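Structural overview
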Amino acid sequence: MSLLSPTDQQTLRDSFAKMTRRVKLLFFTQAIGCETCLETRQILDEIAALTDQVVIEEGNLVLDKDRAASFGIDRAPGIVLLAGEDDEDTRIRFLGEPAGYDFLSLVDAILAASGGSEQTLSDASLAAVAGLAEPITVRVFVTPT
Amino acid sequence: MTVQASEFYDLAREYRVSGVPKTVVSNGAEILGALPEARFVDEVLGSLSDPSRP
């Protein structure tokens, strides 16, 4: 059964139509000990079914441990957003099932990575972030509801 | 990265998540709840505690 209603599918189709480059969802899963991996894969499949600009590549957290680690992923489900034909690392990650509000965050992130959404940060904020001397990691803890 | 606190209790504990959304930055900054954009960026960058800033 589909998780997304026909109305939601159409809304998302319209949003994804603005994407100007491909986004790859590199999805790290594991077969045992992951209660939400199957449903996460279903969510990603439903997104990818709505646009040719989103593709999914699945990796196994256990078998591809080094590759996962190279993207900073050490648990599943973990999603890495790569953009463009050369799989540029957007440095955007999702840990856990992108359900509830987090689903919208994932859609927003896909659109932002693909050039399909307006820049919403102010010039002052962009300048402040551009002035960072060292990379930082920002973890945002959320719940689905 | 976004982290589902309800799936990864160990991370939620490690980063002392008492409510959501909670933002934890590798530079030590912590923000509980939502803030206006300009303040959020300031807090994330840790510039409010930067002594070189007037």
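Look up: the structure comes first, before these words.
These figures come from a predicted structure and were not determined experimentally.

Details of the packing of helix H5 (residues 123–130) of chain A against helix H2 (residues 37–45) of chain B
Where H5(A) meets H2(B), the axes come as close as 10 Å, and the angle between the chain directions of the two elements is 5 degrees. One element, H5(A), and the other, H2(B), form an angle in the roughly parallel class. Packed against H5(A), whose contacting residues are Ser125(A), Ala128(A) and Val129(A), the element H2(B) presents Glu37(B), Val41(B) and Leu45(B) at the interface. Looking at the contact of H5(A) with H2(B) residue by residue, the class counts come to four nonpolar, one polar and one charged.

Some points on the pattern of salt bridges
Residues and elements named next belong to chain A. As enumerated under the stated definition, the model contains 14 salt bridges over all chains in all. Across the salt bridge formed by Arg75 and Asp74, the nearest N and O atoms sit 3.2 Å from each other. Owing to a relative accessible area of 16%, Arg75 belongs among the buried residues under this scheme. Counted as one network, the salt bridges with shared partners bring together Arg22, Lys24, Glu57, Arg67, Glu85 and Asp87.

Structural notes on the packing of aromatic side chains
Under the defined criterion, the tally for this structure stands at one aromatic pair over all chains. Measuring from ring centre to ring centre gives 5.7 Å for Phe141(A) and Tyr15(B), while their planes differ by 40 degrees; the resulting arrangement is tilted. Of this pair, Phe141(A) sits in strand S5 (residues 138–142) while Tyr15(B) sits in the loop between helix H1 (9–14) and strand S2 (22–25), placing the two residues on different chains. Its relative accessible area of 0% is what places Phe141(A) among the buried residues. Residue class for Tyr15(B) comes out buried when judged on its relative accessible area of 17%.

Quick word on the nonpolar core
Residues and elements named next belong to chain A. Judged by nonpolar contacts, the single largest core of 23 residues is most densely connected at Phe16, Leu25, Ile47, Leu81 and Ile110. Taken together, the elements giving at least two residues each to this core come down to helix H1 (6–16), strand S1 (23–29), helix H2 (37–48), strand S3 (78–83) and helix H4 (101–114). Counting residues per element, this core draws most heavily on H4, at seven residues. Beyond its immediate sequence surroundings of up to four residues, Phe16 is in contact with Ile47, Leu50, Thr51, Val107, Ile110 and Leu111. One finds Phe28, Ala68, Phe71 and Leu82 within the second-largest nonpolar core, a separate group that totals 22 residues.

Structural notes on the side chain of Thr2(B)
Residue placement: Thr2(B) occurs in strand S1 (residues 2–4). Its relative accessible area of 13% is what places Thr2(B) among the buried residues. There is a polar contact of 3.3 Å between the side chain of Thr2(B) and the side chain of Asp102(A). If we ignore the near neighbours within four places in the chain, the residues touching Thr2(B) are Arg93(A), Phe94(A), Leu95(A), Asp102(A) and Val140(A).

Let's talk about the pairing of S3(A)
On a regular strand, one side chain projects to one face of the sheet and the next to the other, so that they alternate. All names here are of chain A. Counting buried residues in S3 gives six out of six residues, a clear majority hidden from the surface. Of the two faces of S3, both are covered, the one formed by Gly78, Val80 and Leu82 as well as the one formed by Ile79, Leu81 and Ala83. As paired elements, S3 and strand S4 (residues 88–95) share five bridges and run antiparallel to each other. When the sheet's bridge partners are listed, Gly78 is paired in S4 with Leu95. Where S3 folds back on S4, the antiparallel hairpin that results is connected by four residues, among which Gly84 adopts a positive phi of roughly 85 degrees.

Quick notes on the rules
- Residues numbered from 1 in each chain as written.
- Chains lettered and ligands numbered in written order.
- Predicted model: local features only at pLDDT ≥ 70, side-chain atom pairs only at ≥ 80, totals over all residues.
- Heavy atoms only, no water.
- Axes fitted to C-alpha atoms, helices over the stretch in contact; angles between N-to-C directions.
- Helix = DSSP H or I, 4+ residues; strand = E, 2+ residues; numbered from the N terminus.
- Parallel < 35°, antiparallel > 145°, perpendicular 65-115°, else oblique.
- Contact = heavy atoms within 4.5 Å.
- Nonpolar A, V, L, I, M, F, W, Y, C, P; charged D, E, K, R; others polar.
- Salt bridge = Lys/Arg side-chain N within 4 Å of Asp/Glu carboxyl O.
- Buried < 20%, exposed > 50% of the residue type's maximum accessible area, 1.4 Å probe, protein only.
- Phe/Tyr/Trp six-rings, centres within 6.5 Å; stacked < 30°, edge-to-face > 60°.
- Core = buried A, V, L, I, M, F, W, Y, C linked by side-chain atoms within 4.5 Å.
- Polar contact = N/O pair within 3.5 Å; in protein donor to acceptor, adjacent residues only side chain to side chain.
- Pairing = 2+ DSSP bridges.

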